[in-house]
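As a plain string of letters, each chain reads:
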Amino acid sequence: MENKKLFNAMGSEVADGFTCKPKNFDANKPIMHLKTQLFICDDERCGKAHKDENIAATLREVLKELNLSKGKDRIKIVRTGCFGACRFRSVANIYENTKINGNINNNGIWLKNIHKYDKDKWKRLFISLKENRNIDEIDEFEQVPMSDPSFYK
């Protein structure tokens, strides 16, 4: 059986057994532009809460459908370990590339209960991020409450 060559989004040939790791490492090659990065907790508790065993791969497919997996409006999905916010059962953190075209108002927002999102709700979130709508103003996307730092003085 012949092995098919696989190429990542940056056009680099992928190492055997991986889905995006380049076969030939080039430390000087820039990373691919992103407008928004969504960090999704995929650790033990949150990972079990997701209806989909490979939520990151599923969301990457949704982004491809919406033409948001590359280009100036690219949204990148990143799986993380524990954020320490388990009581909000499955959380995500939004990072906006404010140096280029990200919305500073959405930078650092924590979404809770993302395990309850269906495909349509993910699409609405991604389109809202693409359009630089303020997530604070959209009731549909519940946020993790953040404490006031003065509380800890």
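Think of each chain on its own: its residues are numbered from 1, step by step along the sequence as written. Owing to the predicted nature of the model, reporting of local features is limited to residues with pLDDT of at least 70; listing and counting of side-chain atom pairs is limited to 80 or more, with chain, interface and lining totals taken over all residues. To get the side-chain values, all heavy atoms of the structure are used, and hydrogens and water are removed first.

**Q** Explain the packing of aromatic side chains to me, please; I cannot follow it from the model alone.
**A** Here the distance between the centres and the angle between the planes together describe a pair of aromatic rings. For Phe, Tyr and Trp, rings pair up if their centres lie within 6.5 Å, where Trp contributes its six-membered ring, and each pair is then called stacked (planes under 30 degrees apart), edge-to-face (over 60) or tilted (otherwise). The full count for this structure, using the stated rule, is four aromatic pairs. Ring plane angle 50 degrees and centroid distance 6.1 Å describe the contact between Tyr117 and Phe141, whose orientation is recorded as tilted. Here the residue Tyr117 occupies a position in the loop between strand S4 (110-111) and helix H3 (119-130), and Phe141 occupies one in the segment after H3, the gap between them amounting to 24 residues. We note that Tyr117, like Phe141, is buried. Site record: aromatic cluster; members linked through ring pairs are Tyr117, Trp122, Phe126 and Phe141. Strands are runs of DSSP state E lasting at least 2 residues, helices are runs of H or I lasting at least 4, and numbering of each runs from the N terminus. Only protein chains enter the accessibility calculation, which uses a 1.4 Å probe; a residue is then buried when its area is under 20% of its type maximum, exposed when over 50%, and partly exposed in between.

**Q** Would you mind going over the sheet that holds strand S1 (residues 36-41) with me for this structure?
**A** Paired through backbone hydrogen bonds, the strands of a sheet run either parallel or antiparallel to each other. The rule for pairing is simple: two strands pair if DSSP sees at least two bridges between them. Strand order in the open sheet formed by four strands is S2-S1-S3-S4, and the pairing between neighbours is mixed. Edge positions in the sheet fall to strand S2 (75-80) and S4, since each of these pairs with one other strand and no more. Relative to strand S3 (residues 92-96), S1 runs antiparallel, the two sharing five bridges. Within the sheet, the bridge partner assigned to Phe39 lies in S3 and is Asn93. In this description, contact between two residues means that some pair of their heavy atoms is separated by no more than 4.5 Å. Every angle, taken between N-to-C directions, lies between 0 and 180 degrees, and every axis is a line fitted to C-alpha atoms, over only the stretch in contact when it is a helix. Packing against the sheet, helix H2 (residues 55-65) makes contact with S1 and S2, and its axis sits at approximately 180 degrees to S2. Sitting on the sheet, H3 touches S1, S2, S3 and S4, and the angle it makes with S1 is about 145 degrees.

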